[in-house]
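Summary of the model geometry
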Amino acid sequence: MATGLGNILVFGGTGYLGKHVVRASIKMGHPTYVYGRLITPNSNPSNSCKVALHKEFQSMGVILIQGELSEHGKLVSLIKQVDIVISAIGTPYVMEQLRIIDAIKVAGNVKRFIPSDFGCEEDLITAVLPPFQDFLDKKKKIRRATEATGVPFTFLSSTCFAAYFLSFLLHPHDKYSEELTIYGTGESKAVFTREEDIAIYAIRAANDPRTCNRTVLFQPSKNILSQLELVSLWEKKTSRSYNKVSVNEEELVELSETSPHPENVRAAIIHSIFVKGDMANFEIREDDQMEVSKLYPDVEYTTVDQLLDDFVVNPPEFHYIEL
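Now for a look at the structure at hand. Quantities reported herein were computed from a predicted structural model and do not represent experimental measurements.

Cut-off values and rules
Residues numbered from 1 in each chain as written. Predicted model: local features only at pLDDT ≥ 70, side-chain atom pairs only at ≥ 80, totals over all residues. Heavy atoms only, no water. Helix = DSSP H or I, 4+ residues; strand = E, 2+ residues; numbered from the N terminus. Rg over C-alpha atoms; globule rule 2.2 N^0.38 Å. Buried < 20%, exposed > 50% of the residue type's maximum accessible area, 1.4 Å probe, protein only. Contact = heavy atoms within 4.5 Å. Areas by Shrake-Rupley, 256 points an atom, 1.4 Å probe, with all protein chains shown as cover. Lys, Arg positive; Asp, Glu negative; His and termini not counted. Charge placed at Lys NZ, Arg CZ, Asp CG, Glu CD. Salt bridge = Lys/Arg side-chain N within 4 Å of Asp/Glu carboxyl O. Polar contact = N/O pair within 3.5 Å; in protein donor to acceptor, adjacent residues only side chain to side chain. Pairing = 2+ DSSP bridges. Axes fitted to C-alpha atoms, helices over the stretch in contact; angles between N-to-C directions. Patch = residues over 30% accessible without salt bridge, like charges linked within 9 Å, V, L, I, M, F, W, Y side chains within 5 Å. Core = buried A, V, L, I, M, F, W, Y, C linked by side-chain atoms within 4.5 Å.

Description of the overall build of the chain
Counting secondary structure elements, the chain contains 12 helices and 13 strands. Taken against the 2.2 N^0.38 rule, which gives 20 Å for 323 residues, the C-alpha radius of gyration of the chain at 20 Å falls within 12% of a compact globule. Each of the three principal axes of the chain carries a C-alpha extent, and together these read 55 × 40 × 40 Å. Burial analysis of the chain (323 residues in total) assigns 53% to the buried set. Here the contacts in the chain between residues at least 6 apart in sequence split such that 82% fall between residues at least 24 apart. Of the roughly 14,800 Å² of accessible surface on the chain, 50% is carried by carbon and sulfur atoms. Positive and negative side-chain charges in the chain, numbering 33 and 42 respectively, have mean positions lying 6 Å apart.

As structure tokens, this is what we get:
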């Protein structure tokens, strides 16, 4: 795999977003490593999917390293072989990134680290509901720990995973659904970026000297829409008219306070994104923030309109991401 391009190590490479990051890295010509737990076929359907993913990766030339994040020496040894480290580990394990950061610090050779971020911009938004604030506080700790190492970094954030959230909002997989839920007034804007495009932007940013020690935000102009705009667009594409069921802000607040985990966190996230509009209600600070579609105008990102065309033909199954 001698390509002249930097070696990339991905943590969480078999996860929801991570698999797209791995594929993008390989397609762009990077020797690519994936570090993760030992996966064996068993009664768990998720493991069976990951076994298949491992086979796909191996056929693409990905170097799979099996281990635990607690194996410090093993992590340091592996990190010494790479130039770029990208973490896409899932929400429940966000604080485990401290182990990755410690290993990066000891290895001393990493040219860029991108921690698992990608969602709401934790250093900008305020006054979110407690279950979500708890998670954002953890992400802030990872950012501050990253900055403290002195290792070059890039933070990527402030977008919804488009396929996931559009599927959640519009239920394209349910051909018999006659209702769609509107959270709050439905007028707050949110940002949607297709998962494959997030991965492409991540690899581009990891190699870009302009993004070193900067925050890179997602605000592709064609993909900033309100729920009402999304529903209207979906109705046109499906030639259907849906009953709109409203869930007001007070109901979401109550759900965040009374529901068990993870439903309380989901309610708080919905409140932040679709009621408060926390992904799109700020201006980018040019002194320390950048926007992906302006950085990489050559990337033809998938628009929401195009993605919904795909949904009409091949609606995805929806499964909640682990929180």
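Next comes the rest of the description.
Topic: the pattern of salt bridges
Scanning the entire structure with this criterion turns up 23 salt bridges. Among the ionic pairs, Asp123 bridges to Arg144, the shortest N-O distance being 3.0 Å. Taken together, the residues Asp123 in the loop between strand S5 (112-114) and helix H5 (130-149) and Arg144 in helix H5 connect sequence positions 21 residues apart. Its relative accessible area of 34% is what places Asp123 among the partly exposed residues. On the basis of relative accessibility, which here comes to 36%, the residue Arg144 falls in the partly exposed class.

What about the side chain of Arg112?
Following the sequence through the fold, Arg112 ends up in strand S5. One buried charge, Arg112, has no salt-bridge partner; the nearest side chain with opposite charge is Asp208, at 6.3 Å. For Arg112, the side chain forms a polar contact with the main-chain oxygen of Ala205, separated by 3.0 Å. Residues contacting Arg112, with those up to four places away along its chain left out, are Asp83, Ile84, Val85, Pro152, Phe153, Thr154, Ala205, Ala206, Asp208, Pro209, Thr211 and Cys212.

Here we look at the side chain of Asp278
Tracing the backbone through its elements, the reader meets Asp278 in the loop between helix H10 (263-275) and strand S13 (289-291). Here Asp278 sits buried without a salt bridge, and the closest side chain of opposite charge, Lys276, lies 7.6 Å off (N-O distance). In this structure the side chain of Asp278 is engaged in a polar contact, spanning 2.7 Å, whose partner is the side chain of Ser272. With near-sequence residues (within four places) excluded, Asp278 lies in contact with Ile125, Val128, Ser272 and Ile273.

Let's talk about the sheet that holds strand S2 (residues 32-36)
With respect to topology, five strands assemble into an open sheet ordered S3-S2-S1-S4-S5, the strand pairing being parallel. Unpaired on one side and paired on the other, strand S3 (63-66) and S5 mark the two borders of the sheet. Strand-to-strand twist of the sheet, defined as the mean angle between neighbouring strand axes without regard to direction, takes the value 20°. The pairing of strand S1 (residues 8-11) with strand S4 (residues 84-87) spans four bridges and is classified as parallel. Bridging across to S4, Val10 finds its partner in Ile86. Lying over the sheet, helix H3 (residues 72-79) contacts S1, S2, S3 and S4, oriented at roughly 175° with respect to S2.

Examining a negative patch on the surface
On the surface, Glu250, Glu251, Glu254 and Glu257 cluster together into a patch of negative charge. Within the element layout of this structure, Glu257 appears in helix H9 (residues 249-258). A relative accessible area of 62% means that Glu257 is categorised as exposed.

What about the nonpolar core?
Ranked by internal contacts, the top residues of the largest apolar core, which has 99 residues, are Val85, Phe192 and Phe274. Among the elements that take part in this core, H10 stands out by supplying eight residues, more than any other. The residues touching Val85, leaving out its near neighbours within four places in the chain, are Leu9, Phe11, Ile79, Ile100, Ile104, Val110, Arg112, Phe113 and Ile114.

Quick word on the sheet that holds S13
As a general point, the strands of a sheet are linked pairwise by backbone hydrogen bonds and lie either parallel or antiparallel. With parallel pairing, three strands are arranged side by side in an open sheet as S6-S10-S13. The sheet is open, and its two edges are formed by strand S6 (154-157) and S13, each paired on a single side. Between one strand axis and the next, the sheet turns through 25° on average, direction left out of account. Summarising the sheet, S6 and strand S10 (residues 214-217) pair through four bridges and their orientation is parallel. Paired with Ser157 across the bridge in S10 is Leu217.

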